[in-house]
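This is what each chain is made of:
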Amino acid sequence: MTIFIKKASSEDLKTIQNVGRETFYETFSIDNSEDEMQKYLDESFSTEKLTEELNTIDSQFFIAWEDENAIGYLKLNSGKSQTELQDEASMEIERIYVKSAYHGKKVGQLLYDKALEIAQQENKKYLWLGVWEENMRAVNFYKKNGFVEFDKHIFKLGNEEQTDLMMRKVLD
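Computed from a prediction, not measured in an experiment: that's the story for all the values here.

Asks: Break down the packing of aromatic side chains for me, with residues and values.
Replies: Under the defined criterion, the tally for this structure stands at 14 aromatic pairs. Here the aromatic rings of Y40 and F155 are separated by 5.6 Å at their centres, their planes lie at 55°, and the arrangement is tilted. Taken together, the residues Y40 in helix α2 (residues 34-44) and F155 in strand β6 (residues 148-157) connect sequence positions 115 residues apart. The class for Y40 is buried, based on a relative accessible area of 12%. Among the aromatic residues, those joined into a ring-pair cluster are F24, F28, Y40, F45, F61, Y73, Y97, W132 and F155. When the ring centre of Y102 is taken as reference, the NZ or CZ atom of K105 above it lies at 5.6 Å. Between the NZ or CZ atom of R168 and the centre of the ring of Y126, over which it lies, the distance is 5.5 Å.

Definitions and limits used
Residues numbered from 1 in each chain as written. Predicted model: local features only at pLDDT ≥ 70, side-chain atom pairs only at ≥ 80, totals over all residues. Heavy atoms only, no water. Phe/Tyr/Trp six-rings, centres within 6.5 Å; stacked < 30°, edge-to-face > 60°. Helix = DSSP H or I, 4+ residues; strand = E, 2+ residues; numbered from the N terminus. Buried < 20%, exposed > 50% of the residue type's maximum accessible area, 1.4 Å probe, protein only. Lys NZ or Arg CZ within 6 Å of the ring centre and 35° of its normal.

Interpretation in functional terms is not warranted from these geometric data alone.
Have a look at this one:
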């Protein structure tokens, strides 16, 4: 299995939309109502919203490919594009999404390694992210990669409020 990571552009909108919708649904539908899931998917992965995100100067997308198949993606934010903090010294990993068929195959690690590489190239002092407290697979992945919890915030999925752990990793 050969996986490569490629920076995304606005031409990749449909790919990001499809991978985002599929992976979010696979990961969270079991714990959330169908109505709330559909509302979230329609809002968060709308063509308008993703077009805006892809054209935001301080946001970057990278897609993981296996041959011609998009199997996951990474979204990074710096500066004013960060969802919170907006510290010039930091970079936010807003999303690492990997199709469930590829869990355990190091795709998430490759995407994370790309985030780390970009943060170091841009001389950031730390990486940070928010992760749902009940997504233990993701929480453990970030802990294994040296992230520590520093706060919590509320994530709204439709009308449901959920708690995200805010985690950060200080870069050398």
